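Residues per chain are reported as follows:
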Amino acid sequence: MSTKVDKTSTIPAQGSPTAPVRRPLKEERFADRGGVINVFSHGFLAVWAIMIILPLVWVVLGSFKDNAEIGGSAWSWPSHWSFSAFGRAWSKGGIGGYFTNTLIVLAGSLTLTMLLGAMAAYVLARYEFRGNRIIFYMFVAGAMFPVYLALVPLFFMVKNLGSISPLLGLNSYLGLILVYVAYSLPFTVFFLHSFFRTLPTAVHEAAMMDGCSHARAFFQVMLPMAKSGLISVGIFNVLGQWNQYLLPVTLMQQQGGSDPDRSMLAQGLVNLASTSGYASDFPGLFAGMTIAMLPVLVVYLSFQKQVQSGLTSATLK
Amino acid sequence: MRHRKYPFIVGFLFLPVLLYTVLVIWPYIQTFGYSLTDWSGVSPSMNFVGFKNYTALLHDDIFMTALGHNLLLIVLLPVVTIVLALFFAFMLNVGGRGGTGGIQGVRGAGFYKVVFFFPQVLSVAILAVLFEAVYRSDGGGLLNGVLIKLGLENAQQPILWLSDPDLVFWCILAVLIWSGVGFYLVMFSAAMQSIPKDIYEAALLDGSGRGQTFFKITIPLLWDTIQTAWVYLAIAAMDAFALVSTMTPPAGIYGGGPNHRSEVLATYLMRNFLPFGKAGYACAMGVVIFFITLILSVVSLRVTRRERIEY
Amino acid sequence: MGSAIEYNRRDIFKRAAAITVLAAGGGSLLAACAGGTGSSSDSKSASPGGGSASNPFGVKASDPLDVVIFKGGYGDDYAKDFEAIYTKDYAGAKISHLGTTDIAGKLQPRFNAGSPPDVVDNSGASQLKLDVLAKNNQLTELTPLLDAPYLDDPTKKVRDVLLPGTLDAGTIDGKVWSLNYVYTVFGLWYSNKLFQEKGWTPPKTWDDFITLCGTIKAAGIAPFAHQGKYPYYANYTIMDLIAKQGGTELFKRLDACDPTAWDDPAVKAGISAFYEIMDKDYLLPGTNGMTHTESQTAWCQGKAAFIPSGSWLENEMIKITPADFDMAFLPVPALAGDKMGPTTLRAGAGEPFIVPKQAKNNAGGLEFLRIMLTKEASGKFAAAANSLTVLKDGVGADVVLKPGTKSSSAALTAAGTNTFYYTYPDVQTEFDTALQAATADLCAKRIGPDQWIAQAKAAASKVKPA
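Everything quoted here is computed from the prediction, not taken from an experiment. (Residues numbered from 1 in each chain as written. Chains lettered and ligands numbered in written order. Predicted model: local features only at pLDDT ≥ 70, side-chain atom pairs only at ≥ 80, totals over all residues.)

Colleague: Which residues make up the overall build of chain B, and what values do they have?
Modeller: When you go through chain B residue by residue, the secondary structure sums to 13 helices and 0 strands. Each helix and strand of chain B, ordered N terminal to C terminal, gives the series α-α-α-α-α-α-α-α-α-α-α-α-α. Seen through its principal axes, chain B has C-alpha atoms that stretch 80 × 75 × 30 Å. Per-residue burial for chain B yields a buried fraction of 58% across its 311 residues. (Helix = DSSP H or I, 4+ residues; strand = E, 2+ residues; numbered from the N terminus. Buried ≥ 20, exposed ≤ 12 C-beta atoms within 10 Å, placed from the backbone.)

So this is what it looks like as structure tokens:
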């Protein structure tokens, strides 16, 4: 059969002289076998893409409509393009402030998660000592359980931290940052543990020979080597912490009128949904959603290559 | 050198372990303690009641309903999400016509990969508010609007979606799948790209179609990744709190309706903890969920364990 | 056996806690468990009888006041007016004001931690349940307030200036836990303008109502909308039909969750009458799945003729109600054979204000409530929130009422003393939840009247006598 004849020539990316021969043959093969499937699969992909994009575009359009248009047919087009709903959502709805809060917390929690996670993972992966396994499994076990199981006592714990210093307690940036870090550690340690194990030992040994301290060897030799792993787990953590809802709703509640509103974006948006419910301001709500969505999408679109390659190395371990 | 090792180990582990113990391990342990009390959650006083909360749980129909829903989610969410994500990943990476460069994805693969990932970067609260509007129960909702436009639905009898007891669970499941597929698609894509292309080419040349390639080559080689995906999705299925509590009726008391038809453990636990003032009972629920999760994790890791294929 | 074991358990906890305290470097865990009792309430709280005649609760102007207001249909601007009055009397008091729609989310943690605010407007879909709070000794009993001299006229006591029935909703087992501030009238609402345009007469009897619904439907408008995601609005109509049919005695048994009350033929008559709306397909399409805002907006836009609600509706929808809408109120129409008169309606005090027991400025909280009941404050409320308070003759002639409020106060005047008010939604949380679920099923025609009664009865049987 013909397959056997040109088997040798199909090893990819050879740029060999046989390539011109191979090309028509392959196209022919796919064409006769895959025509129907191609239409089908393309159709399926396109439908799914529409299912993703349509609701998002619809929300953006909704922020330009008025109450009657939103309550009318979903297909109505905004009659006049007014940005007033955005103004309401930004100022009265406080979306701007929620953004800042979220950025502050994520910046802190991500840095700390990576630092502490890498330190713990490194020691557990590269050093033998009594209790190593126990600590490792303790970390890994935490990744299995949903957060809400520990919510009640956690609340008191954070409140207690607040009695040490108000900077740590409820409705404080640092308090929430520490909680985010603690709940991100299991995955981070688990992931980086296996990553540090794969790194060659030779470089590290050489550094130690040169009189490096353990800590310096870690920061100056091992961390740079683990860069790709750190980026991957960092992306996981950004997504995970960005998605948190239950923790900020419990721990980041304004405690009274004199307490600043430090809501995260997610809870702020749900607040907005609730207040715009009582003030009957649907366009304001849609505008709030738009404001919450667009910057993230823009950031994602600009960094999507890094995100995808980060996830790529994450699965390659 | 050796004498400097232990201070270093302790120095590096101290902070992470301290933080983790105080904020994660200890609260979990305390949940066990509270579950043996009649604590109301609104006052600091409580009495020891032994295992009364646990025996009450056995007779709690709503708890069983919620548990059933979570178990159903644990089966359906991973299966559907993984199947869709695998299918899309296969299409995007090896499903296209052979061009000049050998095996490749369909045209526009890059575009699809970017778009499918969108929902993952939207926080779950945005999804909840967004889909409340999508599922709105009259022609102003996106879904009803589309169906009415297509003539598939009578505008006078719109589908109630989240308020229809037979649909509400599936509505929630759909959102979970909608938002999750993109992430696993990218994950599987990455894994597929690490499979040497000559394996595919060889298979094609041996005359196997795309279907066969998919089942005989892709799946076995991706088994590790699929297993990881399964675990992540199962954890997500045990939760589902944000969506159910904000999207389903009765509003204000963590949803779960109508008539508990979308109840999940997390919403029922929170409703007992806050509005019903039964924090001790809620903690007992937490402990039971803890053990169920533990058993399921161990079982699923056992069941899905296979020989790892090295390539 | 409880105490001995409890002691051991605590001991174990104590040891375990000690370890954590070492690790956490301070704040004791037991202190958290014992949170409120220890730290806050001892020194500054109201000492009973410790005040003078003009300052009966012994308020110190130097104590800050922490106010949390449910920012729902009435907004929270009125409370800022009250706070201004408070600072006038107690110069220097620093007031913290928080308006929120999520009372439970914000305050549950604070009650739990023993540091609740000093006064709370505990209302809305996520209100803290009064029965749960009272049972757990978290609230200040309001008798000292009620027996205190009235600010505008010290010869009277506060309890003398309240409209009859005001305290019913906040009373559990004879003790008053909340002061419900807004006098609310419940029934059906419509647009007088729409009715006049179409030549429709507001129905007096349920038969007229059903006939009119037919006419309305023929005119291309949905006769009836309700807030399907919150089934308690539909219950305003259902439970009122039943109460009016069955009379005061049955109403009391129903409200007390007496299971046998549900066997009364009046229950069947009431629910069957309501079911005619579903049977004849008079509901606004999609209304069963709508939030209060969605359905009320549709109603304001003339898509539906009637909607059930309380008298906060007008202020809640004020921004989107057309200027010439001419909102009007209708008591739930009379059924044939009613034991209560046709003008009888559900009316009572809403917006429960509470003073938490653990509040740091407990006295200030009580004083805030006393200030709320002055004529000045009551007028401010009427002007800012377009509704009436529980104060007798609370609104001077200078306050201009909106059409809906005018209409509902006219109905209230017509009813005279013939009013009733259910308390079960406030004090029987689990029963109310079950009844709402049954009503949601009924409105969607998933169950009929008989099954609805059966479910309600089953839910009532689960309520244990307190």
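Colleague: Give me the lowdown on the environment of lysine 157 of chain C, citing residues and values where you can.
Modeller: Residue and element names in this part refer to chain C. Mapped onto the fold, lysine 157 is located in the loop between helix 8 (143-146) and strand 4 (171-172). Separated by 91 residues in sequence, lysine 157 and aspartate 66 place their C-alpha atoms 26 Å apart. Here lysine 157 is in contact with Leu146, Asp147, Ala148, Pro149 and Tyr150, once residues within four sequence places are set aside. (Contact = placed C-beta atoms within 7 Å.)

Colleague: Describe the interface of chain B and chain A, with residues and values.
Modeller: At the interface, 87 residues of chain B touch 85 residues of chain A. If you tally residues by element for the side of chain B that touches chain A, the top one is helix 1 (residues 5-34) of chain B, at 20 residues. When the residues that make up the side of chain B that touches chain A are grouped by side-chain class, the tally is 54 nonpolar, 22 polar and 11 charged. (Nonpolar A, V, L, I, M, F, W, Y, C, P; charged D, E, K, R; others polar.)

Colleague: Break down the domain arrangement of chain A for me, with residues and values.
Modeller: All names here are of chain A. Structurally, chain A comprises domain 1 (2-62) and domain 2 (89-316). Each side of the interface is counted separately: domain 1 has 4 residues, and domain 2 has 5 residues. By residue class, the composition of the side of domain 1 that touches domain 2 is 3 nonpolar, 1 polar and no charged. (Domains from an automatic or database assignment.)

Colleague: Pulling in residues and values, what's your account of unusual backbone geometry?
Modeller: All names here are of chain C. Residues other than glycine seldom take positive phi values, yet aspartate 281 does so here, at roughly 65°. Here aspartate 281 shows up in the loop between helix 12 (265-279) and helix 13 (292-300). Here the phi dihedral of asparagine 386 falls at roughly 50°; this positive angle occurs in a residue that is not glycine. Following the sequence through the fold, asparagine 386 ends up in the loop between helix 16 (375-385) and helix 17 (403-415).

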